[in-house]
Amino acid sequence: MATQVEQSTMRKVYWRLLPIAILAYFLAYLDRINVGFAALTMNKDLGIDASIYGLSAGAFFWGYFLFEVPSNVILEKVGARLWIARIMVSWGILSGATAFCTGPWSFLTMRFLLGLAEAGLFPGMILFFTYWFPDRHRARIVSAFMVALPLSVAAGAPVSTAILGGLDGALGLAGWKWMFICEAVPTILVGVAILFSVTDRPHLAHWLSDDERKWLADTLETERALVEAKRKVSVWQSFLDPKVLLLTLNYFGIVGSSVGMLLFVPQMVKTLGVSNMAVGWITMIPYLCGAVAMLVWGAYSDRTGERRWNLFFACLAAAIGLIFAGQTIGTWWAIAGISIAAIGFYGSKGPFWSMPPAMLTGTAAAAGIAWINAVGNLGGFFGPTVVGWAKDLTGSFAGGLYALAGFALVSAVVSAFWLHIPHPAAQSGMASVPAE
């Protein structure tokens, strides 16, 4: 069972760091996915068809890919507080500037630049958590942090569609332009707030007692030594390590399928013949399901200490949901399939992101985690591109959903056959029972 000092320490760490991390990621994903709601009216204004939209929306991930690893290595050197604040302010400015796009090329360019600006936020947060949370807390902390992702869709959907219709024409600007502007302002403000609220490392935490700082530092150092004693990986080795490459392939599949669905869900819902405002409310349903699944699955993975099979079943659920959605697209049953897929997508996050810190430490962890996220997120380019191409070719979203199911099945196969990565507690015989 957890000791009293562990309970008091981790309670303070959770409450100090988790809320600001959730808020930052909530705004990050809101800025990333609001383009899906903007597309309901923006595409016509900018002369964009489904194929060009999918290609341009996915261009974000090429910018993300190019700067992901350098960004995370810089964060390791200069500290999370300064670098995450820089990321948020710069992407907030660029997201707001998307309102002033005038055609397909300017839209594609802005999406690419937005990816460059945001690169490093997510892997930077995952790396930051390794400085503060022992292994047996990581699936829960990642799940709690990443619950901002489905919640940003669930909460952002009605807000975005309300701005889309409610401010349309105000000051001569279209509703989709107001949506980008209004949702960029909080990002910039939170970026500034991070400068004053985040502590880079435990030894700087004046809000912990001496005993709490010592327990946390000793625990994290012991885990780091156990990982390095078993298998120390250099920065350059982390890029080509077989386990890292398999994690990258798994993440490519799950990101490709999840983003491919995410960026087209509003348009899929619109085929039911509902209003733009109703699209926002209906889009909430799958992502609320995903938020619950993420928390439950992450807690279960920590309690059992098991990552691989939790990841497998989550990927399998995503594939099944996508296939069902493809078979029922154009009917209300498709919402059930999309919800099952969302449960799988978000249930996978906690188990998956608990794996890299179990095999990488220090700068290798910074580079390796960023590499996994960068290459994996290229799936976010290919997924929407395939769906848009299939829609233009066949006139239906069904073929695209089946292709996305294939992405998720690849991830399931990789996790079932190759992703066995014991966590440090299991390697050393340490108790793996989480703090109560």
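Rules of the game
Residues numbered from 1 in each chain as written. Predicted model: local features only at pLDDT ≥ 70, side-chain atom pairs only at ≥ 80, totals over all residues. Heavy atoms only, no water. Helix = DSSP H or I, 4+ residues; strand = E, 2+ residues; numbered from the N terminus. Rg over C-alpha atoms; globule rule 2.2 N^0.38 Å. Buried < 20%, exposed > 50% of the residue type's maximum accessible area, 1.4 Å probe, protein only. Contact = heavy atoms within 4.5 Å. Areas by Shrake-Rupley, 256 points an atom, 1.4 Å probe, with all protein chains shown as cover. Lys, Arg positive; Asp, Glu negative; His and termini not counted. Charge placed at Lys NZ, Arg CZ, Asp CG, Glu CD. Phe/Tyr/Trp six-rings, centres within 6.5 Å; stacked < 30°, edge-to-face > 60°. Lys NZ or Arg CZ within 6 Å of the ring centre and 35° of its normal. Disulfide = S-S within 2.5 Å. Axes fitted to C-alpha atoms, helices over the stretch in contact; angles between N-to-C directions. Parallel < 35°, antiparallel > 145°, perpendicular 65-115°, else oblique. Left-handed = near helix turned anticlockwise from the far one by under 90°. Core = buried A, V, L, I, M, F, W, Y, C linked by side-chain atoms within 4.5 Å. Expected span 1.5 Å × (residues − 1). pLDDT = per-residue confidence, 0-100. Patch = residues over 30% accessible without salt bridge, like charges linked within 9 Å, V, L, I, M, F, W, Y side chains within 5 Å. Salt bridge = Lys/Arg side-chain N within 4 Å of Asp/Glu carboxyl O. Bend = angle between axes of the 7 residues up to and from the residue.

## Observations concerning the overall build of the chain
Reasoning step 1: Regarding its fold elements, the chain presents 21 helices and zero strands.
Reasoning step 2: What you see for the chain is a C-alpha radius of gyration of 21 Å, in line with the 22 Å of a compact globule of 436 residues.
Reasoning step 3: Taking the principal axes of its C-alpha atoms as reference, the chain extends roughly 60 × 45 × 40 Å.
Reasoning step 4: Here the chain holds 436 residues, and the buried ones make up 60% of them.
Reasoning step 5: For the chain, the share of sequence-separated contacts (at least 6 apart) that also reach a separation of at least 24 residues comes to 84%.
Reasoning step 6: As displayed, the chain offers around 15700 Å² of accessible surface, 71% of which is attributable to carbon and sulfur atoms.
Reasoning step 7: Once the 27 positive and 23 negative side-chain charges of the chain are each reduced to a mean point, those two points are 1 Å apart.

## Considerations on the packing of aromatic side chains
In this description, a pair of aromatic rings is defined by centroid distance and the angle of the planes.
Reasoning step 1: The final tally for this structure, using the stated rule, is 31 aromatic pairs.
Reasoning step 2: Their ring planes at 45° and their centres at 6.3 Å tell us that Phe65 and Trp371 sit as a pair that is tilted. Of this pair, Phe65 sits in helix H3 (residues 60–78) while Trp371 is found in helix H18 (residues 362–377), placing the two residues 306 residues apart along the sequence.
Reasoning step 3: Its relative accessible area of 22% is what places Phe65 among the partly exposed residues.
Reasoning step 4: Cluster of aromatic residues (ring-pair linked, three or more members): Tyr14, Tyr25, Phe122, Phe129, Phe133, Phe145, Tyr251, Phe352 and Trp353.
Reasoning step 5: The ring of Trp83 carries Arg86 above its face, with NZ or CZ at 4.3 Å from the centroid.
Reasoning step 6: One Lys or Arg, Lys391, reaches over the ring of Phe397 and ends 5.3 Å from the middle of that ring.

## Some thoughts on the state of the cysteines
Disulfides are covalent bonds that link the sulfur atoms of two cysteine residues.
Reasoning step 1: Inspection of every chain in the model, using the stated rule, returns zero disulfides.
Reasoning step 2: Here Cys182 is not cross-linked by a disulfide; its sulfur's nearest cysteine counterpart is in Cys101, at 16 Å.
Reasoning step 3: Counting only cysteine sulfurs, Cys315 is the nearest neighbor of Cys289, a cysteine outside any disulfide, at a range of 18 Å.

## So, the packing of helix H12 (residues 242–262) against helix H20 (residues 398–417)
Reasoning step 1: In contact at an axis separation of 8 Å, H12 and H20 are set at 155° when each is read in the N-to-C sense. One element, H12, and the other, H20, form an angle in the roughly antiparallel class. Note that H12 runs across H20; the crossing there is left-handed. Residues Leu246, Leu249, Asn250, Phe252, Gly253, Ile254, Gly256, Ser257, Gly260 and Met261 of H12 form the contact with H20, whose own contacting residues are Leu404, Phe407, Ala408, Val410, Ser411, Val414 and Ser415.

## Thoughts on the nonpolar core
Soluble, globular proteins show a tendency: their nonpolar side chains are buried together.
Reasoning step 1: Counting 131 residues, the largest nonpolar core has Tyr25, Trp132 and Trp353 as its most contacted members.
Reasoning step 2: For this core, the leading source of residues is helix H1 (residues 4–46), giving 19 residues.

## Section: helix H9 (residues 175–197)
Reasoning step 1: The end-to-end C-alpha distance of H9 is 34 Å, a good match for the 33 Å that 23 residues give at a rise of 1.5 Å each.
Reasoning step 2: All of the buried residues along H9 are Gly175, Trp176, Lys177, Trp178, Met179, Phe180, Glu183, Ala184, Thr187, Val190, Gly191 and Ile194.
Reasoning step 3: Of the surrounding elements, those touching the buried residues of H9 are H1, helix H4 (80–97) and helix H8 (148–166).

## Re the side chain of Ser339
Reasoning step 1: Its location among the elements puts Ser339 in helix H16 (residues 333–347).
Reasoning step 2: On the accessibility criterion, Ser339 (8% relative accessible area) is buried.
Reasoning step 3: In contact with Ser339, not counting residues within four places along its chain, are Ile285, Pro286 and Cys289.

## Describing the confidence of the model for the chain
Reasoning step 1: Counting all residues, the mean pLDDT for the chain is 84, and 93% of those residues have values of 70 or more.
Reasoning step 2: At the level of individual helices and strands, the chain shows its lowest average pLDDT in helix H21 (residues 424–428), which scores 48, and its highest in helix H15 (residues 308–328), which scores 94.
Reasoning step 3: Within the model, the stretch residues 425–436 combines pLDDT values under 50 with 28 contacts to residues more than four positions away or in other chains.

## Looking at a nonpolar patch on the surface
Reasoning step 1: On the surface, Val78, Leu82, Val192, Leu195 and Phe196 cluster together to form a nonpolar patch covering roughly 460 Å² of accessible area.
Reasoning step 2: Counting residues per element, the nonpolar patch draws most heavily on H9, at three residues.
Reasoning step 3: Here Leu82 lies in helix H4.
Reasoning step 4: The class for Leu82 is partly exposed, based on a relative accessible area of 46%.

## Brief notes about helix H14 (residues 276–304)
Reasoning step 1: For H14, which comprises 29 residues, the first-to-last C-alpha distance of 43 Å matches the rise-based estimate of 42 Å (1.5 Å per residue) to within 8%.
Reasoning step 2: The largest bend in H14 comes to about 30°, at Ile285, with the proline Pro286 one to four residues further on.
Reasoning step 3: Once H14 finishes, Gly305 follows within two positions and takes phi at roughly 70°, a positive value.

## A word on the environment of Lys349
Reasoning step 1: Within the secondary structure layout, Lys349 lies in helix H17 (residues 349–353).
Reasoning step 2: Residue Lys349 is classed as buried on the basis of its relative accessible area, which comes to 4%.
Reasoning step 3: For the pair Lys349 and Tyr251, spaced 98 residues apart in sequence, the C-alpha separation works out to 9.5 Å.
Reasoning step 4: Not counting residues up to four positions away in its chain, the partners in contact with Lys349 are Val142, Met146, Tyr251 and Met294.

## Comments concerning the side chain of Ser348
Reasoning step 1: Inspection of the secondary structure assignment puts Ser348 in the loop between H16 and H17.
Reasoning step 2: Dropping the residues within four chain positions of it, Ser348 is found in contact with Ile254, Leu311 and Ala314.

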